[in-house]
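Single-letter residue listing:
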Amino acid sequence: MGHNQESHPESHLRVPAIVDALEKMELTSKFRGSEILELQNAKPASLDDIISVHAKAYVTGLEKAMEKASEKGIIYIEGSGPTYATHTTFQESLAAAGTGIALVDSVVNASKISKDPPTGFALIRPPGHHAIPKGPMGFCVFGNVAIAARYAQRVHGLKRVFIIDFDVHHGNGTNDAFYDDPDIFFLSTHQDGSYPGTGKIHEIGTGNGEGSTLNLPLPGGSGDLSTRTVFDEVIVPCAQRFKPEIILVSAGYDGHVLDPLANLQFTTGTYYALASNIRQLAKELCGGRCVFFLEGGYNLKSLSYSVADSFRAFLGEPSVASEFDNPSILYEEPLAKVKQAIDTVKSIHSM
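Since we're looking at a predicted model, the values are computed, not measured. (Residues numbered from 1 in each chain as written. Predicted model: local features only at pLDDT ≥ 70, side-chain atom pairs only at ≥ 80, totals over all residues. Heavy atoms only, no water.)

A. Broad picture of the pairing of strand 6 (residues 213-218). Extensive coverage of strand 6 is indicated by the burial of six of its six residues. Of the two faces of strand 6, the one lined by Thr 213, Asn 215 and Pro 217 and the one lined by Leu 214, Leu 216 and Leu 218 are each fully buried. As paired strands, strand 5 (residues 184-191) and strand 6 are joined by six bridges and run parallel to one another. The residue of strand 6 that forms the bridge with Thr 189 is Leu 216. (Buried < 20%, exposed > 50% of the residue type's maximum accessible area, 1.4 Å probe, protein only. Helix = DSSP H or I, 4+ residues; strand = E, 2+ residues; numbered from the N terminus. Pairing = 2+ DSSP bridges.)

Quick look at the structure:
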């Protein structure tokens, strides 16, 4: 709760809003017993965990900067960019990354005794997918999903990791961390032309990693139908061909039609479908090993309802999105442009 700046979209109100919604909708272990397990006291990530992705100089420099943050209250750690730090940011960022790691441990261990292990969801912040190996970026401090991917490889021997990033913005940090790595497949769908301007369709990896990065920029206005088509025509065949041993998800909820920071038309129902389909894909391809990591999502209502509906999808329960979604605010999706983008990406990746 210490990592916060008043009136900044990435504020400390985000996770409590989700937790409140889960409580209200009786989607916590208090109401569900063993159906929903909450991990207690996850250890912070170690320096070794963080430097598996980030430059050591960045990590030690950020730790030192905490003194300055103590004096000033808020410091900016990304040059002219929007990423702030308070005196608790370093410890809280280690805690966020450590939570993701603990969930990987739990899900992998559960998968040894059950063919249908629980899906993990790290309700963490600061988010991670913009943080580049040499520093912070775009509200993100450490690359939580990237750190977890390296940890899954190193500690659990899960060599092939498939990362799906459905945040409205391109996960440039994750993209850069694995751009030349053939064993980690990074697939990002994001709004074309949105921050940070990376993730062009022709960015597919380099060297040995060529072909193991797939970027699919979607035109503004893309929504539920576009997403379902992308899932069936791009995500599924990609994952089937790659044969992952675990699926990690950068789950950003800022593609929601109500989100203030972008212009896609995802609904709560879209996020239910994504959660349900990704869980099913993990069951079919990698023994159900799957962990979601919270990234963006800045309208507290649409964020919390969408995460809650994702929980329902993991439990195999029906969506209640229709209680929240208002179809009358939606407009026609640019399906011809979406089809063109899908055809281009299929051609580039020989699908």
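On we go.
B. Looking closely at the side chain of Asp 325. Within the secondary structure, Asp 325 is located in the loop between helix 10 (300-315) and helix 11 (335-348). Nearest to the buried, unbridged Asp 325 among oppositely charged side chains is Arg 228, at 8.4 Å. The contacts of Asp 325, once residues within four sequence positions are left out, are His 256, Thr 267, Thr 268 and Gly 269. (Lys, Arg positive; Asp, Glu negative; His and termini not counted. Salt bridge = Lys/Arg side-chain N within 4 Å of Asp/Glu carboxyl O. Contact = heavy atoms within 4.5 Å.)

C. Fine view of the UniProt feature "domain: Histone deacetylase" (unreviewed entry) in the protein chain. Residues annotated in UniProt with the feature "domain: Histone deacetylase" (unreviewed entry) correspond here to residues 8-312. Secondary structure content for residues 8-312 is 43% helix and 12% strand, while the C-alpha to C-alpha distance between its ends is 30 Å. (UniProt positions renumbered as here; feature names shortened; annotations may be inferred.)

D. Representation of a nonpolar patch on the surface in the model. Together, Leu 258, Ile 329 and Leu 330 make up an exposed nonpolar region whose accessible area comes to about 220 Å². Position of Leu 258 among the secondary structure elements: in the loop between strand 7 (246-251) and helix 9 (268-286). (Patch = residues over 30% accessible without salt bridge, like charges linked within 9 Å, V, L, I, M, F, W, Y side chains within 5 Å. Areas by Shrake-Rupley, 256 points an atom, 1.4 Å probe, with all protein chains shown as cover.)

E. Summary view of the packing of aromatic side chains. If you walk through the whole model with that rule in mind, you get 17 aromatic pairs. Measuring from centroid to centroid gives 6.2 Å for Phe 90 and Phe 142, while their planes differ by 80°, and the two rings are edge-to-face. One end of the pair, Phe 90, is in helix 5 (residues 89-113); the other, Phe 142, is in the loop between strand 3 (120-122) and helix 6 (144-156), and 52 residues separate them in sequence. With respect to burial, Phe 90 and Phe 142 carry one shared label: buried. Relative to Phe 324, the ring of Tyr 305 has its centre 4.3 Å away and its plane inclined at 10°; by these criteria the two rings are stacked. Of the two residues, Tyr 305 sits in helix 10 while Phe 324 sits in the loop between helix 10 and helix 11, which places them 19 residues apart along the sequence. For Phe 324, a relative accessible area of 17% corresponds to the buried category. A cation over a ring is seen here: Arg 160 above Phe 242, with NZ or CZ 4.1 Å from the ring centre. (Phe/Tyr/Trp six-rings, centres within 6.5 Å; stacked < 30°, edge-to-face > 60°. Lys NZ or Arg CZ within 6 Å of the ring centre and 35° of its normal.)

F. Representation of the packing of helix 1 (residues 14-24) against helix 10 in the model. Contact pair helix 1 / helix 10: the axes reach a minimum separation of 8 Å and the direction vectors enclose 50°. Put simply, helix 1 runs oblique to helix 10. Read as a crossing pair, helix 1 and helix 10 show a hand that is right-handed. Seen from helix 1, the contacting residues are Arg 14, Ala 17, Ile 18, Ala 21 and Leu 22; seen from helix 10, they are Leu 300, Leu 303, Ser 304, Val 307, Ala 308 and Phe 311. A breakdown of the residues in the contact of helix 1 with helix 10 according to their chemical character gives nine nonpolar, one polar and one charged. (Axes fitted to C-alpha atoms, helices over the stretch in contact; angles between N-to-C directions. Parallel < 35°, antiparallel > 145°, perpendicular 65-115°, else oblique. Left-handed = near helix turned anticlockwise from the far one by under 90°. Nonpolar A, V, L, I, M, F, W, Y, C, P; charged D, E, K, R; others polar.)

G. Region of interest: the sheet that holds strand 5. Ordered by their spatial adjacency, six strands build an open sheet running 3-8-7-4-5-6, and the pairing between neighbours is parallel. Edge strands, defined here as strands with exactly one partner in the open sheet, are strand 3 and strand 6. Taken over all neighbouring pairs, the strand axes of this sheet differ in orientation by 15° on average, direction set aside. Contacts between helix 8 (residues 224-242) and the sheet are confined to strand 4 (161-165), strand 5 and strand 6, with strand 5 contributing the most and set at about 170° to the helix.

H. Inspection of helix 8 at higher detail. Between its terminal C-alpha atoms helix 8 stretches 25 Å, which fits the 27 Å expected from 19 residues at 1.5 Å a residue. Within helix 8, the full set of buried residues consists of Ser 226, Thr 227, Val 230, Phe 231, Val 234, Ile 235, Val 236, Cys 238, Ala 239 and Phe 242. Buried positions along helix 8 lie against strand 4, strand 5, strand 6, helix 9 and helix 11. Following helix 8 by one or two positions, Lys 243 adopts a phi angle in the positive range, close to 55°. (Expected span 1.5 Å × (residues − 1).)

I. Main features of the pattern of salt bridges. The final tally for this structure, using the stated rule, is 15 salt bridges. Here Lys 346 ties to Glu 233 by a salt bridge, and the two come within 3.0 Å at their closest N and O atoms. Highlighted residues: Lys 346 in helix 11 and Glu 233 in helix 8, separated in sequence by 113 residues. Overall, the relative accessible area of 23% leaves Lys 346 in the partly exposed class.

J. Structural context of the pairing of strand 4. Among the five residues of strand 4, five are classified as buried, and the element is accordingly described as predominantly covered. Where strand 4 lies against strand 5, five bridges are found, and the strand directions are parallel. When the sheet's bridge partners are listed, Ile 163 is paired in strand 5 with Phe 186. The parallel pair strand 4 and strand 5, bridged by helix 7 (residues 172-177), forms a crossover whose chirality is right-handed. Across five bridges, strand 4 lies against strand 7 in parallel orientation. Bridge pairing links Ile 163 to Leu 248 in strand 7. (Right-handed = clockwise from strand over helix to strand, strands pointing away.)

K. Structural detail: the environment of Cys 290. On the secondary structure map, Cys 290 appears in strand 8 (residues 290-294). Cys 290 gets classed as buried once you look at its relative accessible area, which sits at 0%. Residues Cys 290 and Leu 248, spaced 42 residues apart in sequence, show a C-alpha to C-alpha distance of 5.7 Å. Leave out the neighbours within four places in its chain, and Cys 290 touches Val 107, Thr 119, Gly 120, Ile 246, Ile 247, Val 249, Ile 278 and Ala 282.

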